[in-house]
Amino acid sequence: MIKRNTFLDIFPKWLILLLPLFLITAFSNAQTISGIVTDTQGVTMPGVNILINNSTIGTTTDFDGKYSITVNSSEDVLVFRYLGMVTQEIKVGSQTKINVTMDEDMQTLSELIVVGYGTQDKKAVTGSVSVVGAEEMESRPNSQMGALIQGKVAGVQVQASSGKPSQGISMRIRGTNSINASSEPLYVIDGVPTTDTRSLSPSDIESVSVLKDASAAAIYGAQGANGVVLITTKKGSTDKPTISLDVYGGFSEVWNTQEVLNGEQFRQLMTDMGTTFNDWGSYRERTDWQNEVFQRGFTQNYQMSISGKSNKTNYYVSGGYTDVEGAVRSAEMQRANFKVNLDQEVTNWLKVGTRVNYTDYKDVDVNDNIGVDRGGVLLGTLTTPSIIGIRNPDGSFTTNPLAQAWENPLASTDGIDRGFANKRFLANFYAEATLVEGLKFKTNLGVDHNSSQFRSFKDPFETVDGRAKQGVSVFNQDNNRYFIFDNTLSYDKTIGKNKFNLLAGSVIQKYHWQSSNIERQGFDSDQISTPNAGANIIASSAWASEKANASFIGRANYDFDNKYLLTANIRVDGSSVFGPQNRWGIFPSLSAGWRISEEAFLKSVEQISDLKLRAGWGIVGNDNIAPYSYMARVSKNAPYPFTSSATPGSYPSSVENQKLKWEESEQINIGFDLGLFNDRVELTVDAYQKVTNDLLFDAPLPKSTGYNSAIQNIGSLENKGLEFNLNTVNVDKAVKWTMNMNLSLNRNKVTNLVGQTVLDGYVDVISKDNAIIIEEGLPLGSLYGYSFGGVDPETGNAYYITQNGETTFDPSPEDRKVIGDANPTFIYGFTNNVSYKNFSLSIFFQGSQGNQMLNASRIVTTSMSSPMNQTTDVLRRWQKPGDITDIPRAYPLGSDQTVTNNLISDRFIEDASYLRLKALTFSYNVPSTFLEKINLGSCRLYATGENLFTITNYSGFDPEVNYRGGDNRVMGIDFGTYPQTRTYIFGLNVSF
């Protein structure tokens, strides 16, 4: 377990620390300035931002355009800012009243957004790019960046496959693009590619750019097939140092529970199932296992930063600590992070800088996604009889009286001392030289080095498994290193109405993985938990592997008169995972844009502030498979006791395939961007098609070959869809109301698999069968099983519908068919932000419609096939001829009919659509007139609720889960998976 202070222990301390800030007043030679702000028509302007230059002190005009602000010196300069108006700076001098008239800004600077290896004007972008800014990141607290993107970007499905504090976020940009190779996008943090963002604090993020189509992502070539997520961290923004403190704490809880049989109902069910257990009198306790396992979790977070800039130096330094105790017993996560961002102008032609991030991460996982017979905690809460207590008189954990090997769920949460720890150093160092006007050379070295350990100890006394094995100790060690070295040359030139931007460069990447593990049993006591105290070595291994990529990149942007836009990319990639014959791949893209709003026939239409048509085509690659996949490899048997084999020796383990090559995704995108009423209404619509060819597929082989399967380039996969994103400024007066709505539709289909049919998604339920089919013409995530006809009123047995439409009590495997689709018809997000004076409210809904789920948990909890407790659904089971019900009868333990009654079928397929109030945040900004007296720049108090309510027809714990995480092949199965939780957060942001 991780040693910690609870939130309640910490809460009073930081309150006490803040009290002096509100008790100290610092009066100086203050001077109060007041006035009215109007436009050129003399209309007063509410909501104008007024700041003292080079400080964080400011105010806004009220409904009548009036303001009042206190300055410390006559040398202070007031800065007046308002969207669409020219910013004005006025020196105070001896004035006490300053009235301002603001002019409309006809040439407002375009928003710069981060794209691959550079930045670009938002209005000049021709690819499909979405941006999530710092305001979104700061709108609500969360320990993971991915969770803050969920529902905010059209075309991006963020999958939190469980609610564990340690659970990573899986993203799918425009669908699932591969079968065996990863469909996870490439994450690039300040120029360093990575696959895991859990170590990054959202408080450090300035913006996130999502490159969705090939024309935007092709500059990343081999790694861009699944889209690219560019993460830019913060820099200094004010000339004077700014200290910011973010503190929040709160609690979480499981929002949904299941009704299970009480002791009397369980005993009756066991009697109906023919058990001969006669010692019921010894078991009279009433234990609510859900109440014992589900708890009130706590969260606490502290983040402090100091930032600033001068003429030649820009710096941002931060440190933070996050501690989460989950709503399921023993689930924990801790993260300490430290970050330094530094940019230094050495001369007028040379600039150097660094981005350094160090993270110390720890978590304790929960054993879920398996049955109670193998220690599954979530299913254990439902299937452990309530008639037993938690511990026996000798201190050991209790077991099911009818199955002594099945322990209660607390044996898996409290009976195993375990933990995962990771130390990660992620950094890059760069130098940028201006060779001549417009020509820049940039060199960048990035590293990602992380070392992780997993330890687990099950003592020889408390648990059944521990006693049987005389204690079990496991220790795993992983060391991973990654290096990237890129050099680019860029050239910007404007000739009349022609703007050129050219980029060329090279990229070298190297990966190294190293791992070792050991498991020992046979401990004399629980005093020493490390493996060295165990007498018997059960397993031991060590391995290492490497991968290298070399690339050449090029890009050309052309802009004529801000109307006609053209972008071309090319990347040539080489990867060591492929054979010498196909090691190199070429990935080009081309996109164009037409800003119709700049044409003479539309310029006079004042209502249209921007209208741009975009079209793009490109090919991107995927090499995300295991190193050495093209080689014929050899494995070695180990003698007893390392494995069950008693015969040492070697054997061939994989087939050589020198022709193994890149998986390629060809993509087409057409879209438009529309801005109305000075961009108070912004609409973006995109239509796309992605076809992935030469899939890197682990295809089955004939048994005669001596191999089960091999990675081959087989088949193709298609995704096509529509995306809609709408931003509006509904009210912009004393009350401000902005809104974002996005909706995404994606259709996925396997278009070619060379006649192969693959069954996957094995679920260890009663029938022990696969629940997923992968076949030509079907989408990935197709749920597979039998067609349930009902329960026969005369016999109480389940009957099924054959392929011929006939009924049968004993279907054959050939009667199975597609019974559901885990892919949603559409996903959506809807956000409203309302503010009035110093108060603001943010309401964020997120949902998924049309996706189906195999509730494998319900197969277990209604099967009546073993001495497990069941949900109250079985109270309506068939009991006598003539009963009309959907729950078959109870049979004696071990009966074959029990298996037949509980085959994987559409009886257990449920609509997993949901609409969820994902986040509700209410905040209050302390008035600047008060803050000035205590020398504070800003102070914001807020309260946030997450997952406050969910509208769904799904009967399980939560519809937003998947027992195989982000697996491409297996989606839409719930098998005792840790649910999403409801969370309440209270926080404070202060800047000095």
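Provided above is the structure to which this section pertains.
Worth saying up front: this structure is predicted, and the values here are computed from it rather than measured. (Residues numbered from 1 in each chain as written. Predicted model: local features only at pLDDT ≥ 70, side-chain atom pairs only at ≥ 80, totals over all residues. Heavy atoms only, no water.)

**Q** Is there a simple way to explain the overall build of the chain in this structure?
**A** Assigned secondary structure in the chain consists of 13 helices and 55 strands. Expected size for 992 residues packed as a compact globule is a radius of gyration near 30 Å; at 31 Å, the chain falls within 12% of this value. Dimensions of the chain along its principal axes, counting C-alpha atoms only, are 95 × 70 × 60 Å. Evaluated residue by residue, the chain yields a buried proportion of 53% over its 992 residues. Long-range contacts, defined here as pairs at least 24 residues apart, represent 69% of the contacts in the chain between residues at least 6 apart. Carbon and sulfur atoms make up 55% of the accessible area of the chain, which totals about 42,300 Å². Taken together, the 86 basic and 104 acidic charged side chains of the chain have centroids lying 4 Å from each other. (Helix = DSSP H or I, 4+ residues; strand = E, 2+ residues; numbered from the N terminus. Rg over C-alpha atoms; globule rule 2.2 N^0.38 Å. Buried < 20%, exposed > 50% of the residue type's maximum accessible area, 1.4 Å probe, protein only. Contact = heavy atoms within 4.5 Å. Areas by Shrake-Rupley, 256 points an atom, 1.4 Å probe, with all protein chains shown as cover. Lys, Arg positive; Asp, Glu negative; His and termini not counted. Charge placed at Lys NZ, Arg CZ, Asp CG, Glu CD.)

**Q** Sorry if this is basic, but what is going on with a positive patch on the surface here?
**A** A grouping of Lys235, Lys309, Lys351, Lys440 and Lys442 is seen on the molecular surface, where their side chains present a positively charged patch. Position of Lys309 among the secondary structure elements: in strand β18 (residues 297-309). (Patch = residues over 30% accessible without salt bridge, like charges linked within 9 Å, V, L, I, M, F, W, Y side chains within 5 Å. Salt bridge = Lys/Arg side-chain N within 4 Å of Asp/Glu carboxyl O.)

**Q** Explain the pattern of salt bridges to me, please; I cannot follow it from the model alone.
**A** Close approach of charged atoms allows side chains with opposite charge to pair. Scanning the model with the defined rule gives 47 salt bridges in all. The salt bridge partner of Arg876 is Asp873, with a shortest N-O separation of 3.3 Å. A relative accessible area of 41% places Arg876 in the partly exposed class. A relative accessible area of 25% means that Asp873 is categorised as partly exposed. Linked through salt bridges whose partners overlap, the residues forming this network are Lys123, Arg595, Glu598, Lys603, Asp610 and Asp679.

**Q** Looking at this structure, I do not really get the sheet that holds strand β5 (residues 77-81). What am I missing?
**A** In any sheet, the strands associate via hydrogen bonds between backbone groups, in a parallel or an antiparallel arrangement. One open sheet accounts for 4 strands, arranged β3-β2-β5-β6; its pairing is antiparallel. One side of each edge strand has no neighbouring strand; the edge strands of this open sheet are β3 (58-60) and β6 (88-91). Across the sheet, the mean angle from the axis of one strand to that of its neighbour is 20 degrees, orientation sign disregarded. Across 4 bridges, the pairing between strand β2 (residues 49-52) and β5 is antiparallel. The residue bridging Asn49 from the neighbouring strand is Arg81, located in β5. (Pairing = 2+ DSSP bridges. Axes fitted to C-alpha atoms, helices over the stretch in contact; angles between N-to-C directions.)

**Q** What's the story with the nonpolar core in this structure? I'm lost.
**A** The tendency in soluble globular proteins is for nonpolar side chains to be buried as a group. By size, the foremost hydrophobic cluster in this structure holds 37 residues, and its most contacted members are Met145 and Val208. Apart from the residues lying within four places of it in its own chain, the contact partners of Val208 are Ser130, Val131, Val132, Met137, Met145, Ile149, Val229, Leu230 and Ile231. Listed in part, the 36 residues of the second largest apolar core include Leu695, Ile772, Ile774 and Ile973. (Core = buried A, V, L, I, M, F, W, Y, C linked by side-chain atoms within 4.5 Å.)

**Q** Before we go on, may I ask you to explain unusual backbone geometry in this structure?
**A** One can expect most non-glycine residues to show negative phi and most peptide bonds to be in trans. Positive phi values are uncommon outside glycine, yet Asp190 reaches one of about 50 degrees. Structurally, the position occupied by Asp190 is in the loop between β13 (186-189) and β14 (192-194). For Asp679, which is not a glycine, the phi torsion comes out positive at approximately 65 degrees. Its place among the elements puts Asp679 in the loop between β34 (663-676) and β35 (681-693). Residue Asp679 is classed as partly exposed on the basis of its relative accessible area of 25%.

So yeah, pure geometry; function would need other evidence.
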